[in-house]
Amino acid sequence: MAEAAIELVGINKSFGTVHANRDINLVIERGSILGIVGENGAGKSTLMSILYGFYQADSGEIKVGGKPVSIKTPNDAIALGIGMVHQHFMLVQNFSVIENIILGAEHEALLKRSIANARSELDRLEHEYGLEVDPDAIIEELPVGLQQRVEILKALYRGAEILILDEPTGVLTPAEADHLFRILRQLKEQGKTIVLITHKLREIMAITDTVSVMRQGTVVATRKTSETTVEELAELMVGRRVLLRVEKGEANPAAVKLSVSNLTVKDSRGVTMVKDVSFDVRGGEIVGIAGVAGNGQSELIEAISGIRRAVSGSVLLDGSPIDVTGHADPGELRDRGLAHVPEDRHHVGLVLAFEESENSILGYHDKPQYLKGPFLDIESIRTDAKAKIAKFDIRPPNDRLRTANFSGGNQQKIVLAREMEQDPGVLIVGQPTRGVDVGAIEFIHKQLIAMRDSGKAVLLVSVELDEIRSLSDRILVMFDGRVVGERSPDATEGELGLLMAGVEKLEAAE
Amino acid sequence: MEFVDTLINILNSTIRVSVPLLLACLAGLYSERAGIFDIGLEGKMLAGAFAGAAAAAVYGSAWIGLGMAVLVSVALALVHGFASITHRGNQIVSGVAINFIAAGSTIILGQAWFNQGGRTPSLPPEGRFGSNTLPFAEELRGVPVIGQIYSGLLSGHSLLAYAAFLAVPFTWWVLFRTRFGLRLRAVGENPAAVDTAGISVTWLRYRAVICTGILTGLAGSYMSLSQNAGFVKDMSAGRGFIALAALIFAKWRPVPAMFACLLFGFLDAMAIRYQGIALPMIGKIPVQFMQALPYVLTVILLAGFIGKAIPPRAGGVPYVKER
């Protein structure tokens, strides 16, 4: 066994009554990539924050290079060669790359020499690891992939030998994620130790040497990546067997519920994002729209659900038109049986400062069953919310809790419960499982299938190709604002991938 | 020639009335760039003015007055810091409280100590910062334009006035050329980034409010030890708020802050000079109209002409470590 870079012995940490880390023992081998997987709230991030000196453990010991150390602040961690790339980047948005990199590591009171030194050091790092980035670019003008690269450079500039990455691919496109993995492999070859925190099992299989699984604050298993499977890891994470691929019967498409013709939509900058798109969704089927993020999917569903005004085209809901180019009103559409689970639940789907019960009726709050004269009928709203909590297994089961205090997966369930329980004829779902952990994904998928089986029309937009393929009865691929092809769910990933990349040759060859 | 004289006269008083605005504006800049909104500039100026005048009256020394003004003003800044940094209180509430405390306590203490209706005794020359004549000012007075500008406009101000204008390039240098400045700007934008870089957010923000205290102390001293010969109740007369308007107007940058203060000072100087003078067609312009102009101008210009003023992103938000 290789030498241990870091050893965690008996780490405990509680926040109030929540025991976030319970007797954690973990060995991180030098020059390896360790994956830590677990559902949201399993304690992964807390553990790493303890290692980075952001929190202090209540008890336990940390050894770096075999020697017991005390890490009280991030400074101590940095001095021990530990660097961290946070899930939400710790960058100053209106600073340049170089200013962000030297922040906190300036060496002297005047900036001139520090910047000059950093420039040459950065040059060296860029060459050594293939991490090119313009040192004078302003952070907010860089794509997220590059911002993440700046975070990595920040850690390396501080002499990090051990690099912790917290959910690094959550914000990346598949291509950016692949690039990140190439960088991580290269770092490993140079002898760096890497800890990858994630809940995406495919990433674990693709890049790690060892994987530790956390559940409810404890490490439940550690495996060599080559000796385990996705199924085993999923089971360890959730504590029960998980169906990664949903089981579903044949679809029974009925009459057309939603009909989109020649729809053209511009985004807020005036760029045409949806170009002359037409399709139908029938009752009893799930139509999936695949595509790399930013190819018009978001604008498409916003236009159909009445949030964004379309330039031209028409949409029929149950045969009667929606005024998509004029004043389509999302509230009125809801009354007509069109429900919408928005892509961005934080900004569009929920009011995070509200209680769960309030969010569970948001948009439907003017329905008679929630009203007592001109006032809200709190009793019936709470009864209703409790029923949804029970049915959708929303945790913690507390309808008075502020929505911000629920995990991402449970917030998503709150939105889904709200929209599905109104029994709409058409459901438009954007990114239903973004940031949602394995156990909840399975549940959400089952619910969507159940909607389909009860004869509803479901329009699904997702950037997760796996999700599209396992749920959809028909797949439309969007590229550059157009639907470039329709495939059955049996189409191979490669074929869909080519379409998503805008390669239309296959289409022509057929 | 009379026109040039008049113009120089107006510009000269522009500079005089701009000085306390400028000092207060730069004071606000340090604090707000670090993410601590400070609506209590007014109160700190007023308390500084009173403390300066009181100490100068008792000890007969302008320098002791200045020292006292800075001390009291820094103390109030630390109160604001304690409320909003350590206890993560609401920064607006804390700032307003400081304004009230200063407005009330200066009058009560002034009456108790000096018995002159809340005023401090009139200061002797050695208790004030008088005007300083620049070298060769008298000799050059006769030279047209350049000489007039030099001796009529640039010469003859108090030490604090020169300090105020020198503080502009100095602040720029501190902000953009030093480690302290880099960290200060960073903590106002994203304190979490500063924290994870191993720098104390608390200590950094305290240092910023101390800078604010020092500068508001200077602003107060200028009012009671230089512009006037003693303290009069409510003598800051809303300058702390105009300074905030100038700060927004300048988008939190030092050099534009100077020009904004000069512009507001110019309006003030015009208002003083031309108050009560009837203009043809329009008639007499009420003095209140001129006094309101800086605010009106800020709103109009910010609404359409100079684009959006984006405050430091973490401004007004107490820093709490994320769980």
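Since the model is a prediction, treat every value here as computed from it, not as a measurement. (Residues numbered from 1 in each chain as written. Chains lettered and ligands numbered in written order. Predicted model: local features only at pLDDT ≥ 70, side-chain atom pairs only at ≥ 80, totals over all residues. Heavy atoms only, no water.)

Novice: Would you mind going over the overall build of chain A with me for this structure?
Specialist: Broken down by element type, chain A carries 18 helices and 22 strands. In terms of overall dimensions, chain A is globule-like: its C-alpha atoms have a radius of gyration of 25 Å, near the 24 Å expected for 510 residues. If one aligns the C-alpha atoms of chain A with their principal axes, the spans along those axes are about 70 × 55 × 50 Å. Across the 510 residues that make up chain A, the buried fraction comes to 53%. (Helix = DSSP H or I, 4+ residues; strand = E, 2+ residues; numbered from the N terminus. Rg over C-alpha atoms; globule rule 2.2 N^0.38 Å. Buried < 20%, exposed > 50% of the residue type's maximum accessible area, 1.4 Å probe, protein only.)

Novice: In this structure, what is going on with the interface of chain B and chain A? I would like to understand it.
Specialist: One widely used convention gives an interface's size as the accessible area the parts lose upon coming together. At the interface, 24 residues of chain B touch 27 residues of chain A. Approximately 2,200 Å² of surface area, both sides summed, lies buried where chain B meets chain A, with 59% of it carried by carbon and sulfur atoms. Our enumeration of links across chain B and chain A arrives at 3 salt bridges. On the surface where chain B and chain A come into contact, there are 9 residue pairs in polar contact (both at pLDDT 80 or more). (Contact = heavy atoms within 4.5 Å. Buried area = accessible area lost by both parts, 1.4 Å probe. Salt bridge = Lys/Arg side-chain N within 4 Å of Asp/Glu carboxyl O. Polar contact = N/O pair within 3.5 Å; in protein donor to acceptor, adjacent residues only side chain to side chain.)

Novice: How should I be thinking about the packing of aromatic side chains in this particular structure?
Specialist: The full count for this structure, using the stated rule, is 10 aromatic pairs over all chains. Site record: aromatic cluster; members linked through ring pairs are Phe50, Trp113, Phe114 and Phe231 of chain B. A cation over an aromatic ring shows up here: Lys413 of chain A above the ring of Phe443 of chain A, its NZ or CZ 5.5 Å from the ring centre. (Phe/Tyr/Trp six-rings, centres within 6.5 Å; stacked < 30°, edge-to-face > 60°. Lys NZ or Arg CZ within 6 Å of the ring centre and 35° of its normal.)

Novice: Even after reading the chapter, I still don't get the sheet that holds strand E11 (residues 256–266) of chain A, so can you show me in this structure?
Specialist: All names here are of chain A. Strand order in the open sheet formed by 4 strands is E12-E11-E14-E15, and the pairing between neighbours is antiparallel. One side of each edge strand has no neighbouring strand; the edge strands of this open sheet are strand E12 (272–282) and strand E15 (320–322). For this sheet, the mean inter-axis angle between neighbouring strands, taken without regard to orientation, is 25 degrees. Alignment of E11 against strand E14 (residues 312–317), held across 5 bridges, turns out to be antiparallel. Its bridge partner lying in E14, Leu258 is registered against Leu317. Relative to E11, helix H9 (residues 297–304) is tilted by about 120 degrees, and along the sheet it contacts E11, E12, E14 and E15. (Pairing = 2+ DSSP bridges. Axes fitted to C-alpha atoms, helices over the stretch in contact; angles between N-to-C directions.)

Novice: For this particular structure, what's the right way to read the pattern of salt bridges?
Specialist: Oppositely charged side chains can form a pair if their charged atoms are brought close together. Residues and elements named next belong to chain A. Applying the stated rule across the entire model yields 38 salt bridges over all chains. Of the charged contacts in the structure, one is a salt bridge between Lys367 and Asp335, with a shortest N-O distance of 3.4 Å. Highlighted residues: Lys367 in the loop between helix H12 (356–359) and strand E17 (371–372) and Asp335 in helix H10 (residues 330–335), separated in sequence by 32 residues. Residue Lys391 is joined to Glu421 by a salt bridge in which the shortest nitrogen-to-oxygen separation is 3.0 Å.

Novice: Sorry, what's going on with the sheet that holds strand E16 (residues 338–341) of chain A here?
Specialist: Within a beta sheet, neighbouring strands are joined by backbone hydrogen bonds and run either parallel or antiparallel to one another. Residue and element names in this part refer to chain A. Within the open sheet, the 6 strands sit side by side as E16-E19-E20-E13-E21-E22. Their pairing is mixed. Of all the strands in the sheet, just E16 and strand E22 (482–487) have a single pairing partner and so form its edges. Neighbour to neighbour, the strand axes of the sheet diverge by 20 degrees on average, direction disregarded. Contacts between helix H14 (residues 408–420) and the sheet are confined to E16 and strand E19 (426–430), with E16 contributing the most and set at about 175 degrees to the helix.

Novice: Just to check I follow, could you spell out empty space enclosed by the protein for this structure?
Specialist: Any empty space left between atoms is shown by rolling a water-sized probe over those atoms. Residue and element names in this part refer to chain A. Inspection of the entire model under this criterion finds 2 cavities of 30 Å³ or more. Quantified by volume, the largest cavity comes out at close to 130 Å³. As for the largest cavity, its lining consists of 15 residues, and the residues nearest its centre are Tyr52, Met84, Lys154, Ala155 and Arg158. Elements represented by at least two residues in the lining of the largest cavity include exactly strand E6 (82–85) and helix H5 (144–157). A class-by-class count of the residues in the lining of the largest cavity yields 8 nonpolar, 4 polar and 3 charged. (1 Å grid on protein atoms, 1.4 Å probe; cavity = no way out; pocket = protein on both sides within 12 Å on 5 of 7 lines; lining within 4 Å. Points joined across faces, edges and corners; volume = space filled by probe spheres on them. Nonpolar A, V, L, I, M, F, W, Y, C, P; charged D, E, K, R; others polar.)

Novice: What's the story with the nonpolar core in this structure? I'm lost.
Specialist: Inside soluble globular proteins, nonpolar side chains tend to come together where they are buried. All names here are of chain A. In this structure, Ile152, Leu165, Leu184 and Leu187 are the most contacted members of the largest nonpolar core, which totals 120 residues. When neighbours within four sequence positions are excluded, Leu187 is seen to be in contact with Tyr129, Ile152, Leu156, Leu163, Lys192 and Ile194. Listed in part, the 41 residues of the second largest apolar core include Ala290, Phe443, Ile468 and Leu499. (Core = buried A, V, L, I, M, F, W, Y, C linked by side-chain atoms within 4.5 Å.)

Novice: Got a minute to help me understand the side chain of Ser360 of chain A in this structure?
Specialist: Residues and elements named next belong to chain A. Examined against the element boundaries, Ser360 turns out to sit in the loop between H12 and E17. Assessed through its relative accessible area of 1%, Ser360 is described here as buried. In this view, Ser360 contacts Ala385, Lys388 and Arg418; residues no more than four positions away in its chain are not counted.

Novice: Could you clarify how one ought to interpret the domain arrangement of chain A in this entry?
Specialist: Residues and elements named next belong to chain A. Considered domain by domain, chain A is made up of domain 1 (4–238) and domain 2 (256–346 + 424–509). For domain 1 and domain 2, the distance between their C-alpha centres works out to 36 Å. Contacts between the two partners involve 9 residues from domain 1, matched on the other side by 8 residues from domain 2. Interface of domain 1 and domain 2: buried area, both sides summed, is about 660 Å²; carbon and sulfur atoms make up 53% of it. Taken together, the links from domain 1 to domain 2 amount to 1 salt bridge. With a closest N to O distance of 3.5 Å, Arg202 and Asp466 form a salt bridge. Remark: the boundary between domain 1 and domain 2 carries 1 residue pair in polar contact (both at pLDDT 80 or more). Where the side of domain 1 that touches domain 2 is concerned, the elements lending two or more residues are helix H7 (201–207) and helix H8 (230–238). For the side of domain 1 that touches domain 2, the residue count by class is 4 nonpolar, 2 polar and 3 charged. (Domains from an automatic or database assignment.)

Novice: Sorry, what's going on with H8 of chain A here?
Specialist: Because the α-helix completes a turn every 3.6 residues, residues three or four places apart line up on one side. All names here are of chain A. Those residues of H8 not exposed but buried are Leu233, Ala234, Leu236, Met237 and Val238. Where the residues of H8 are buried, they touch strand E3 (33–37), H7, strand E9 (210–215), strand E10 (218–224) and helix H15 (438–453). Backbone geometry just after H8 places Gly239 at a positive phi near 90 degrees.

Novice: Help me out: how do you make sense of the environment of Ile39 of chain B in this one?
Specialist: Residues and elements named next belong to chain B. Mapped onto the elements, Ile39 comes out in the loop between helix H1 (2–33) and helix H2 (41–59). Taking the relative accessible area as the measure of exposure, Ile39 reaches 22% and is therefore partly exposed. The spacing of Ile39 and Val93 is 54 residues in sequence and 8.7 Å in space, taken between C-alpha atoms. Sequence-distant contacts of Ile39, defined by excluding residues within four places in its chain, comprise Ile92, Gly95, Val96, Asn99, Phe241 and Leu244.

Novice: What is the right way to read the confidence of the model for chain B from this model?
Specialist: Fine structural detail should not be taken from predicted coordinates in areas where pLDDT scores are low. All names here are of chain B. Summary statistics for chain B give a mean pLDDT of 90 and a share of 97% for residues scoring 70 or more. Ranking the helices and strands of chain B by mean pLDDT puts helix H3 (residues 62–86) first, with 97, and strand E3 (residues 278–279) last, with 70. The complex prediction reports pTM at 0.78, with the ipTM value standing at 0.87. (pLDDT = per-residue confidence, 0-100.)

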